Amino acid sequence: MKTADLLSRTAIAHAIQRTGARVTALYPAAAQPLATPPAGSGLKPVMGSYGVPGLGHALESIAEPLEFGRNRYRRFGPVFWTGAIGFRVVSVVSPEALHEVWLDRDKVFSSEAGWKPVIGPFFHRGLMLLDFGEHLLHRRIMQQAFTRARLIGYLDMTRPLVADTLATWTPGDPVLIYDRVKALLLAMASQVFVGEPADGTTARLLTRAFDDAVGGAQAIVRQPVPAGRWSRGLRGRRELQRYFIGAITDRRAGTGDDLFTVLCHSETEEGHTFSDDDITNHMIFLLMAAHDTSTIALSMLLYHLGKDPALQQDLRDEAGRRSAEPTIEELNSAHLLDCAFKESLRMYAPAGTLFRQATEDTSIAGHYIPRGTEIALSIHTSMRTDTWWDRPDVFDPGRFDDPATLKKLERYAWSPFGAGAHKCIGMHFAGLTVKAILHRMLLDFRWTVPESYTPLMTWGTGPTPADGLPVQLTRI
Ligand code: HEM
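This write-up is about the structure you can find in this document. (Residues numbered from 1 in each chain as written. Predicted model: local features only at pLDDT ≥ 70, side-chain atom pairs only at ≥ 80, totals over all residues. Heavy atoms only, no water.)

### Brief notes about the sheet that holds strand 4 (residues 87-92)
Note the threshold: Note on pairing: two strands pair once DSSP finds at least 2 bridges between them. For the purposes of this entry, the term helix denotes a DSSP run of H or I that reaches at least four residues, the term strand denotes a run of E that reaches at least two, and both are numbered from the N terminus. Whether two residues are in contact is decided by their heavy atoms, any of which lying within 4.5 Å being enough. Only the stretch in contact is used when a helix axis is fitted, and all axes are lines through C-alpha atoms; the angle between N-to-C directions ranges over 0 to 180 degrees.
The strand order across the open sheet built from seven strands is 1-2-3-4-10-7-5, with neighbouring strands paired in mixed fashion. Single-partner strands in this sheet number two, and they are strand 1 (32-33) and strand 5 (109-110). As paired strands, strand 7 (residues 353-358) and strand 10 (residues 374-378) are joined by five bridges and run antiparallel to one another. Paired with Arg 356 across the bridge in strand 10 is Ile 375. Each of strand 3 (79-84), strand 4, strand 5, strand 7 and strand 10 touches helix 4 (residues 95-103); the most contacted strand, strand 10, lies at about 125 degrees to it.

Here's what the structure looks like:
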């Protein structure tokens, strides 16, 4: 499909969605308490509204998630509830309240139960869908695949693929940079995660199965309608399972440096290892956790640098003071690159909402939370609200140079990787991948986007450009 056709189709779909949202927003949704706090507890009720009977506020929260979240924060405060398609979900926005849930002193916030209704059928028993003692044990085994030595190995595997792929990018008409980055990161996932050549038949099959599984988790119709997204997702999950289970015996005997083979050999000091099923479940989850998130972070960063040629040039000058194939130390010491990466994560939190479920009656920031409550940790809204960030909608990497901002970071105001027991295990990996690709792009290309252009955004794992993000590339 031509770029112009894609853009106009996306714009039409977006306009329809927004019109539906505006109509449902007219419904007089009265503020109500989620539940009455126990007498004498001193707790406040969580306030919110259901919205249109049956549908709730679903359309508004999908069409404009950021504005919707900010408006509700202004109306109800940092902990509020919202109705959507039969559910009542409590959203948590302030850094202090997020901190309380992440710290989970009483072990009452289940990640497994929170994420299960969202992605469970496709990504069950991935690390994020395990809890407490079992989660800790699996995390300790998996940690062996994310040591510094392993990261160096993954970076070495990444470099030639990045250089070869960028060599094939021919400038010309606007290039859909989000789609290009997605394809590059999928190729990297085949090679670095799975240990399959990026251009082989297996890689192509895995890519399709993976796309279907992710699509299933994001389906709006969450029923196995034949040929629907949900059914395709379940089929994708089965295909991935078949592949990993079938390959494990060879990988256990192998010595490869890819993540799959490394997980087959991972062992704690006490001798705990993963079963075949564990490896399969973790690999399928890891592919998802790594992919869309890194794609959003890098492509939104490219967008902002395309809008600000002077900043792009400053980053290019910094890259020029490092080798063409930089080491981990060189990438980590690129200060401007680091600030720009952080700012992209702040503005477009690629895992924008995290889920938990209360396993007991409890409280968050002095609000009563009954057992069974679904909780959404709204980190995207949190990092884009002016209570905690000056000019939250302005891309300004310089804010990470400011000592006052750094102080806020300590209080979890900047939290794109979460915190606590489930904090992203791949955060260093993600940083290295995004920075290594951007470094190469800065040396090989200049790119621009028109002053008047702002991308149409939709919601995947977090805010995602819906129009492929057209940029004009020039080879240097
Ligand atoms: C910019 C890229 C990324 C972002 C913004 C990101 C963000 C996050 C966040 C917010 C969580 C916490 C989820 C929760 O508390 O419910 C998380 C967990 C996780 N991430 Fe990432 N992630 C990124 C890249 C990666 C990569 C590259 C990998 C693997 C190579 C990865 C693997 C995981 C895993 C396994 C978990 C679950 C950890 C646990 O439950 O103990 N992520 N990520």
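The structure having been displayed, the exposition proceeds.
### What about the pattern of salt bridges?
Let me state the cut-off plainly: Salt bridges, as used here, are contacts in which a Lys or Arg side-chain nitrogen is within 4 Å of a carboxyl oxygen on Asp or Glu. Relative accessibility thresholds used throughout: buried, under 20% of the residue-type maximum; exposed, over 50%; partly exposed, between the two (1.4 Å probe, protein chains only).
A full pass over the atoms with the stated rule returns 21 salt bridges. Across the pair Arg 70 and Glu 67 runs a salt bridge whose closest N-O atoms are separated by 2.7 Å. One end of the pair, Arg 70, and the other, Glu 67, are both in helix 3 (residues 65-76), three residues apart, so they sit about a helical turn from each other. Classification of Arg 70 by relative accessible area gives buried; the value is 8%. Measuring nitrogen to oxygen at the nearest pair gives 2.9 Å for the salt bridge that ties Arg 384 to Asp 393. Overall, Asp 393 belongs to the partly exposed group, its relative accessible area being 41%.

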